[in-house]
Amino acid sequence: MVDLRIVNACLPEQEGLWEIAITDGIITEIDRAVQGNTILDAQKQLVIPGLVDAHIHLDKVFLLDRTPAVEGTFHEAMRETLKAKQAFTVADIQARARRALWQAISWGITLMRSHVEVDQVIGLTGMEALLPLRQEFAWGITLQLAVFAQEGITNQPHLPKLLREAVALGADVIGSAPYIDPDPEQNVRIVFDIAQEFDCDVDFHLDFLDDDLPLMLPFVIAETQRRGWQGRVCLGHMTKLANLPPEELLELARSMRLAGISLLALPASDLYMMARKDTHRVRRGVAPIHTLATSGVTVGVATNNVQNLFTPFGDGDVLKICTLLAQVLHLGTASQQAQCLAMATTEAAAAIGELNHSITPGHLADLVILNAHSVTEAIAAAPLERTVIKRGRIVAQRKCESQFWTSKSV
């Protein structure tokens with residue numbers, strides 16, 4: 001007998017109602033009728049894989065109260081956040097990160113990759129703060145930690161040693177923002193060196209700004225292949241791809257697919273930050289991941305930041321980011337909306353190396369029951385009511401009570 005049986009479930013891109021059997025945290029059967037000890041009635045609502053936030057900065061969430069925007073620019077965000085980091089403590093980071101993690105779990109996010117800044121200002125404080133939370137919240141969310149060099153590497157002589165210390169503490173991934181570095185190619189090489197030493201994946205913030213500097217992507221593709229790191233490199237932002245003519249974009253997409261490089265669009269941040277100098281015909285600046293997907297590139301969508309100078313908006317719900325992405329990239333058909341949902345679930349998980357994140361026998365039972373009856377309905381307006389299942393256990397439920405008011409003319 002199975003541990004949990006979900007009945008009367010709608011599934012993405014499937015007709016009719018289904019039942020899902022779960023044993024020991026694993027999906028064991030998907031059929032019209034299965035047997036189980038505990039029955040959870042989905043009541044004809046949509047059951048999806050757990051949501052995935054594959055790119056967020058837990059150490060920088062909820063900073064607007066101490067660093068409000070004055071200019072609203074990327075350079076202000078970099079400058080003022082660097083100042084704010086000087087006052088970061090383990091307790092401060094943990095308090096803000098706990099708030100974000102509780103919120104994420106309640107939305108149905110069961111997998112997350114958080115970047116953790118390491119530099120000569122903050123040292124290892126971010127890692128010391130977030131490492132304990134990975135275990136503390138394992139009941140509700142799988143948390144990957146990516147050591148992140150935000151402020152450059154070659155301009156900080158002792159940083160490579162510090163990055164190695166951070167990875168040795170127990171990080172899953174190593175990454176950087178090469179466009180900040182005075183020597184971006186050497187920045188990339190150093191990150192790959194560390195990744196090879198510790199046998200860990202790589203995650204770059206890449207080709208983000210809307211300047212006229214050449215793309216770093218071809219160099220990262222070549223380095224990925226030279227190092228034999230295919231399937232282990234993820235790129236975030238990539239806003240410059242939005243400016244490319246179709247033939248150039250498709251050629252780069254082909255090279256990315258061959259190198260096994262994945263890409264995450266971060267529309268909440270990128271729409272806010274990009275093209276601020278455009279006086280008309282303002283560019284959106286969101287990576288065209290729907291086009292890349294047609295070429296076989298693994299793509300996803302994520303939040304990036306929540307209520308700080310880089311992204312002043314949002315509540316950490318990646319399903320709302322799906323809605324935003326669908327609007328920006330004109331994903332209006334039912335099949336496109338199903339693709340958009342996959343970019344926040346199955347495909348986003350694959351982008352960060354998790355390949356068993358789908359409603360498939362043998363995969364983890366990380367699921368969300370949404371108060372919607374189709375993918376189109378869920379993308380149109382992210383439902384507030386959700387039941388969240390992590391490894392076959394209900395870990396969160398959101399309920400919404402409606403109050404109807406009437407008025408009368410006099």
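Residues numbered from 1 in each chain as written. Predicted model: local features only at pLDDT ≥ 70, side-chain atom pairs only at ≥ 80, totals over all residues. Heavy atoms only, no water.

Caption draft 1: Expanded view of the UniProt feature "domain: Amidohydrolase-related" (unreviewed entry) in the chain. Cross-referencing UniProt, the feature "domain: Amidohydrolase-related" (unreviewed entry) maps to residues 46-394 in the present numbering. Secondary structure across residues 46-394 comprises 39% helix and 17% strand; the distance between its end C-alpha atoms is 16 Å. (UniProt positions renumbered as here; feature names shortened; annotations may be inferred. Helix = DSSP H or I, 4+ residues; strand = E, 2+ residues; numbered from the N terminus.)

Caption draft 2: Layout of the side chain of Gln-45. Topologically, Gln-45 is positioned in the loop between strand S4 (36-41) and strand S5 (46-49). Those residues within four positions of Gln-45 in sequence are excluded, and the remaining contacts are Asn-8, Ala-9, Cys-10, Ile-369, Leu-370, Asn-371, Ala-372 and His-373. (Contact = heavy atoms within 4.5 Å.)

Caption draft 3: Here's a closer look at the packing of helix H6 (residues 217-227) against helix H7 (residues 246-259). Between H6 and H7, the shortest axis-to-axis distance is 10 Å and the interhelical angle comes to 25 degrees. For the element pair H6 / H7, the angle class is roughly parallel. Handedness of the crossing formed by H6 with H7: left-handed. Contacts from Leu-217, Pro-218, Ile-221, Thr-224 and Gln-225 of H6 reach H7 at Leu-252, Ser-255, Met-256, Leu-258 and Ala-259. Classifying every residue of the contact of H6 with H7 by side-chain character gives 7 nonpolar, 3 polar and no charged. (Axes fitted to C-alpha atoms, helices over the stretch in contact; angles between N-to-C directions. Parallel < 35°, antiparallel > 145°, perpendicular 65-115°, else oblique. Left-handed = near helix turned anticlockwise from the far one by under 90°. Nonpolar A, V, L, I, M, F, W, Y, C, P; charged D, E, K, R; others polar.)

Caption draft 4: Main features of the pairing of strand S8 (residues 142-149). For S8, the tally of buried residues reaches 7 of 8 residues, placing the bulk of the element in the interior. Taken together, the 7 bridges between strand S7 (residues 109-117) and S8 define a ladder with parallel strand orientation. Directly across from Met-112, in S8, lies its bridge partner Leu-143. Assessed by its sense of winding, the connection that carries the chain from S7 through helix H3 (residues 125-136) to S8 is right-handed. Examined bridge by bridge, S8 and strand S9 (residues 173-176) share 4 bridges and lie parallel to one another. Directly across from Val-147, in S9, lies its bridge partner Ile-174. (Buried < 20%, exposed > 50% of the residue type's maximum accessible area, 1.4 Å probe, protein only. Pairing = 2+ DSSP bridges. Right-handed = clockwise from strand over helix to strand, strands pointing away.)

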